[in-house]
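Spelled out, the chains give:
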Amino acid sequence: MAAPSPTTAAATTHHRILLPSPTPRGALAPAFLRLPLRAQPSAHAQRARLPAPVAAAAPAASTASPEAPASGAVAGKPTVLVAEKLGAAGLALLREFANVDCSYGLSPEELRAKISLCDALIVRSGTKVGRDVFEASGGRLRVVGRAGVGIDNVDLAAATEHGCLVVNAPTANTVAAAEHGIALLTAMARNIAQADASLKAGKWQRNKYVGVSLVGKTLAILGFGKVGSEVARRAKGLGMHVIAHDPYASADRARAIGVELVSMEEAMTTADFISLHMPLTPATDKMLNDETFAKMKKGVRIINVARGGVIDEEALVRALDSGIVAQAALDVFTKEPPAADSKLVLHENVTVTPHLGASTVEAQEGVAIEIAEAVIGALKGELAASAVNAPMVPAEVLSELAPFVVLAEKLGRLAVQLVAGGGGIKSVKVTYASARAPDDLDTRLLRAMITKGLIEPISSVFVNLVNADFTAKQRGVRITEERILLNGSPETPIDYIQVQIANVESKFPSAISETGEITVEGRVKDGVPHLTKVGAFQVDVSLEGSLILCRQVDQPGMIGSVGSVLGEENVNVSFMSVGRIAPRKHAVMAIGVDEEPSKSTLTKIGEIPAIEEFVFLKL
Ligand SMILES: NC(=O)c1ccc[n+]([C@@H]2O[C@H](COP(=O)([O-])OP(=O)(O)OC[C@H]3O[C@@H](n4cnc5c(N)ncnc54)[C@H](O)[C@@H]3O)[C@@H](O)[C@H]2O)c1
Ligand SMILES: O=C(O)[C@H](O)COP(=O)(O)O
């Protein structure tokens, strides 16, 4: 364990410069792909310059495969294997450019056998594209296209290791998913599925299937993103009172469609219906559980078209059996397909569909076109806006900026995980302190990395250099940049980076600085990114593994107390630092851990008497 080493601010004299706002997406993408980053490069600029990333991010167009598998294959064209049903318009686009092999329902063995003959593979959620597939491709597979949003079925790490670009189709099925949510909501309220099955079984049970009305009822939407906001619009048309809980969504955008953003507590306790639209992340995993069901109004009804894992399914069965939850309507399951004897699926108060949210003719045509264009672009060597695992820039040009790029993303990840409440993120300020001249440090890559860190942990969107500014704008987040010019040697590109989120509450109130923003600041030390400030507290902890932040009364024995709780559970402390306002007053302890502590360990830390608040953050 390292000794505490509070950091002092390195700035000597300096002045501040506001950097111009990011270029809108339409202008940025093509220009960026063609141009170097600076108009007037200097020696330092040369080192930090990013060439057009396309060629390195995605491979150039393929040469013909002599053994292309599709019958009638044309020499000189790449081969695309379409492994799940794809809309005709997308197939037509693909056929103009490539040999297309539509082989649906392949077994894993058949897929492995074919893949070494293919330059690209297109799937939906039904095909597992694991490490075995990339290994079996023998290096030929260069693009995987996911015809939809979620890439849970694609091993991204293996894809990246094998130099294979993964692209998705993030927008074309949004409306279909929202419509399916509304279909489940109305079908559940009026017992459509159960009544249909009863009548087909020869029964006429009018009293048994009396439903509930929707008008005037409160619908709480959890996750006010693309799908959630479309559900909200539609539910308002049904006369429902719509509220939403999303700690990161913009309250103004919600208000614009007549939706109030509320706390999780308020959503849980006031809703008659709860509809789930958040991504599955470590923070949303089993977000509905025994504890949250216990807070709900008796007789609440739940709709899930997001991901099965956001509900603890066993807890939901208990809540249905006890009557807390009157009904549930589910399109998605922790394991798909669910077991044939699943208590949840067979429950008489549960309506189920087999992950049909995106399955409309129109959505599948849209998705097919979106993914065909992305795959063709990637095969041509262009960087698609929907690239999921594209490197921001090739490794060789990152030599100098590399640790700052990592620092930027990690500061974004930390800052967003500190946000709480229902107000949403509107304004993020990034400050770069550097001794380099303003034209000698291009911050676009750093800004994109901060955006990636801010957005990826909380959404189903993947951020790359092409879509970063657009994605922030689309979510109503304004990112402003400021430079502090330091006196000193311009050898180091950046002295520190500070990320501030304004007008939000924090899960860890000590992260709010004197001026009212969530503030995290970091530096690169010996090539390793470090967190050096949280709120008003100076700390020094290397940004590796995960992090626990505790605020405590500054007194002897605190490091030992927390260290022993972690030690009891075999959680290895990699780094520890304490920053304090003044001796024996308040202090913030930043603890780097290699393993994720269990909930009970975190509870024990919170129960240490002098600990006033704490938070666990994934880096
Ligand atoms: N059933 C289907 O066929 C189908 C189709 C499309 C999308 N989906 C799923 O729907 C979900 C939403 O998709 P989207 O495109 O709207 O994504 P999105 O990224 O646009 O929106 C997700 C929203 O969830 C919010 N969020 C994150 N963490 C949260 C938390 N802890 N509490 C509350 N809100 C939180 C984010 O801020 C964001 O606004 C995803 O899980 C996606 O995989 C399912
Ligand atoms: O992630 C998605 O896009 C949806 O869950 C739909 O998946 P699907 O394409 O397999 O229907």
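This one's a predicted model, so the numbers in the text were calculated from it and none came from an experiment. (Residues numbered from 1 in each chain as written. Chains lettered and ligands numbered in written order. Predicted model: local features only at pLDDT ≥ 70, side-chain atom pairs only at ≥ 80, totals over all residues. Heavy atoms only, no water.)

Bringing the state of the cysteines into the picture now. Each disulfide consists of a covalent bond between the sulfur atoms of two cysteine residues. In total, this model carries zero disulfides according to the counting rule given. Cys118 carries a free sulfur, and the closest cysteine sulfur to it, the one in Cys102, is 11 Å from it. Cysteine Cys164 is unpaired, with the sulfur of Cys118 as its nearest cysteine sulfur at 11 Å. (Disulfide = S-S within 2.5 Å.)

For an α-helix the count is 3.6 residues per turn, leaving residues at separations of three or four pointing the same way. Every buried residue of helix α21 (residues 599-607) is accounted for by Thr601, Leu602 and Ile605. Seen end-on, α21 carries its buried residues on one side only, within an arc spanning 100°. Across α21 from its buried face, at more than 90 degrees, point the exposed residues Lys599 and Glu607. Turning to α21, the residues buried within the fold contact β22 (546-553), α20 (558-568) and β25 (611-618). (Buried < 20%, exposed > 50% of the residue type's maximum accessible area, 1.4 Å probe, protein only. Helix = DSSP H or I, 4+ residues; strand = E, 2+ residues; numbered from the N terminus. Arc of directions from axis to C-beta. Contact = heavy atoms within 4.5 Å.)

Every one of the 28 residues lining ligand 1 counts as a neighbour, but Val227, Asp246, Ile458, Ser460 and Arg475 are closest to it. Within the backbone of Gly225, a nitrogen or oxygen atom sits 3.4 Å from an oxygen atom of ligand 1. At 3.4 Å from an oxygen atom of ligand 1 is found a side-chain nitrogen or oxygen belonging to His355. Within the complex, the protein chains bury 96% of what would otherwise be the 860 Å² of accessible surface of ligand 1. Per-class residue counts for the shell around ligand 1 are 13 nonpolar, ten polar and five charged. (Near = heavy atom within 4 Å. Polar contact = N/O pair within 3.5 Å; in protein donor to acceptor, adjacent residues only side chain to side chain. Areas by Shrake-Rupley, 256 points an atom, 1.4 Å probe, with all protein chains shown as cover. Nonpolar A, V, L, I, M, F, W, Y, C, P; charged D, E, K, R; others polar.)

In this section: the sheet that holds strand β13 (residues 350-352). With parallel pairing, the seven strands of this open sheet are ordered in space as β9-β8-β7-β10-β11-β12-β13. Each having just a single partner strand, β9 (260-261) and β13 make up the two edges of the open sheet. Inspection of the sheet shows strand β10 (residues 273-276) paired to strand β11 (residues 300-304) by four bridges, in the parallel sense. The residue bridging Leu276 from the neighbouring strand is Asn304, located in β11. Running at roughly 140° to strand β12 (residues 325-330), helix α14 (residues 313-322) makes contact with β12 and β13 of the sheet. (Pairing = 2+ DSSP bridges. Axes fitted to C-alpha atoms, helices over the stretch in contact; angles between N-to-C directions.)

On to the site of ligand 2. Around ligand 2, a shell composed of Arg124, Ser125, Arg146, Ala147, Gly148, Val149, Gly150, Asn173, Arg307, His355 and Ala358 is seen. Between ligand 2 and the protein, one listed contact pairs an oxygen atom with a backbone N or O atom of Val149 at 2.6 Å. Between His355 and ligand 2, the recorded distance is 2.6 Å, taken from a side-chain N or O atom to an oxygen atom. Within the complex, the protein chains bury 92% of what would otherwise be the 310 Å² of accessible surface of ligand 2. Looking at the shell around ligand 2, its residues break down into three nonpolar, five polar and three charged.

Counting residues in each nonpolar core, the largest one holds 55 residues, and the members touching the most others are Leu418, Val428, Leu454, Ile497, Ile501, Leu531 and Leu549. Once you skip the residues sitting within four places of it in the chain, Leu531 turns out to touch Leu411, Leu414, Val520, Glu521, Gly522, Val539, Asp540, Val541, Leu543, Leu547 and Leu549. Core analysis: the next-biggest nonpolar cluster, separate from the first, contains 30 residues, Leu276, Met287, Val310 and Leu316 among them. (Core = buried A, V, L, I, M, F, W, Y, C linked by side-chain atoms within 4.5 Å.)

Between helix α17 (residues 402-417) and helix α18 (residues 444-455), whose axes approach to 7 Å, the crossing angle comes to 35°. Both α17 and α18 take part in a crossing whose hand is right-handed. Of the residues in α18, those touching α17 at Phe404, Val405, Ala408, Glu409, Gly412, Arg413, Ala415 and Val416 are Leu445, Leu446, Met449, Ile450, Lys452, Gly453 and Leu454. The residue inventory of the contact of α17 with α18, partitioned by class, reads ten nonpolar, two polar and three charged. (Left-handed = near helix turned anticlockwise from the far one by under 90°.)

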